[in-house]
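Per-entry structural report
Listed here are the chains, written in short residue letters.
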Amino acid sequence: MAETTLTLDHTDPLLLFGTHDVHLRRIEAAFPDTKIIARNNQVRLRGPSATLDSIVHAFDELASVADRNGAVTTGDLDTILAMATANPRQSNKKVGSVVLYTPSGEMIRTKTPGQAELVEASHNNDIVFAIGPAGTGKTYMAVALAVAALKARKVKRIVLCRPAVEAGERLGFLPGDFRDKVDPYLRPLYDALEEFLPTEKLTTHLEDHVIEIVPLAFMRGRTLNSSFVILDEAQNATALQMKMFLTRLGVSSQTIVTGDITQIDLQDAQQSGLVEAQSILQDIRDIEFVYFKKIDVVRHRLVKAIIDAYERNA
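Being a predicted model, the structure only gives us computed values, none of them experimental.

Each value, and the rule that gives it
- Residues numbered from 1 in each chain as written.
- Predicted model: local features only at pLDDT ≥ 70, side-chain atom pairs only at ≥ 80, totals over all residues.
- Heavy atoms only, no water.
- Helix = DSSP H or I, 4+ residues; strand = E, 2+ residues; numbered from the N terminus.
- Buried < 20%, exposed > 50% of the residue type's maximum accessible area, 1.4 Å probe, protein only.
- Contact = heavy atoms within 4.5 Å.
- Pairing = 2+ DSSP bridges.
- Axes fitted to C-alpha atoms, helices over the stretch in contact; angles between N-to-C directions.
- Salt bridge = Lys/Arg side-chain N within 4 Å of Asp/Glu carboxyl O.
- Lys, Arg positive; Asp, Glu negative; His and termini not counted.
- Polar contact = N/O pair within 3.5 Å; in protein donor to acceptor, adjacent residues only side chain to side chain.

Overview of the overall build of the protein
Scanning the protein from terminus to terminus reveals eleven helices and eleven strands. The buried share among the 314 residues of the protein stands at 48%. Sequence-distant contacts in the protein: of pairs separated by 6 or more residues, those separated by 24 or more amount to 69%.

See the structure below:
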């Protein structure tokens, strides 16, 4: 058995402990082999060393949420406890590792085992597939890794692309010129970049083509050297498009492919290139598949419930 004491210097303990210590009691219930005693702004923990590490990490996450939002909801606590008590695919130390600093100085950290696995896989492989449900931060973390690589001068440019396919819509029926038609499909990529780069820097990078955001169809015939390339929503790439995309990779480049194989919007029984890639690329060296799970969902707590409901009725 081990003991440790946490001192909460910068966060109101009431936010973390909850009214009448309701949050504290739930944390203790999640770790039944551990004793938690809170007095004023100190928390004393006693239990197995590995368990204490998980609890310390949980309190760190709770403090981050409290500082950011001014409150800790039941949903926040559910998410943090689910991550802390999961059977991790990697050590807790990797969850919470810093990937990037935003212009405001905020640290972008891995929040779940899946995100931590994606970061590790990207450091060790030239091509990584990140597959899993919505809300797990696949695209967000992939873009953060790309911006971090650009800032560290590991690559000279970033290329982000998506198939221009959505459920129930086709480009020809959307209003405006071609740019107006494709921009809605690419907006999530702009949103992520706007969080990671100052507005002026992002504008300059886009004008100088240091960062490109394009529909997947525009990738044909290109060779991308010294680039960090991301294909988002890859479940909507056809088998031929996926092969075309993957063979664009040039010297000193890296690729992350993200997608959710439960949300395929292809028409006319076309085969998803992401589904096919799983079956034919698994054993190639320097290609790794990372599978996100419901435990990795970092959006509203109801997202997990929605995913569960759809899985039960599939």
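Picking up after the structure, the text goes on.
Observations concerning the sheet that holds strand 11 (residues 287-291)
Spatially, 8-7-9-10-6-11 is the arrangement adopted by the six strands of the open sheet, whose pairing is parallel. Here the strands that pair on one side only, and so sit at the sheet edges, are strand 8 (211-215) and strand 11. Strand-to-strand, the axes of this sheet are offset by a mean angle of 15°, without reference to chain direction. Taken together, the five bridges between strand 6 (residues 127-131) and strand 11 define a ladder with parallel strand orientation. Its bridge partner lying in strand 11, Val128 is registered against Glu288.

Quick word on the pattern of salt bridges
Going through the model one piece at a time under the given rule, you end up with seven salt bridges. Connected through shared salt-bridge partners, Asp21, Arg25 and Glu28 make up one network.

Quick look at the side chain of Asp260
Residue placement: Asp260 occurs in the loop between strand 10 (254-259) and helix 10 (273-280). In this structure, Asp260 is buried with no salt-bridge partner, the nearest side chain bearing the opposite charge being Lys138 at 5.7 Å. Those residues within four positions of Asp260 in sequence are excluded, and the remaining contacts are Gly132, Pro133, Ala134, Gln235 and Leu274.

Considerations on the side chain of Arg248
Position of Arg248 among the secondary structure elements: in the loop between helix 9 (239-246) and strand 10. Glu212 provides the closest opposite charge to the buried, salt-bridge-free Arg248, at an N-O distance of 13 Å. A polar atom in the side chain of Arg248 sits 2.9 Å from the backbone oxygen of Arg222. Apart from the residues lying within four places of it in its own chain, the contact partners of Arg248 are Met219, Gly221, Arg222, Thr223 and Leu224.

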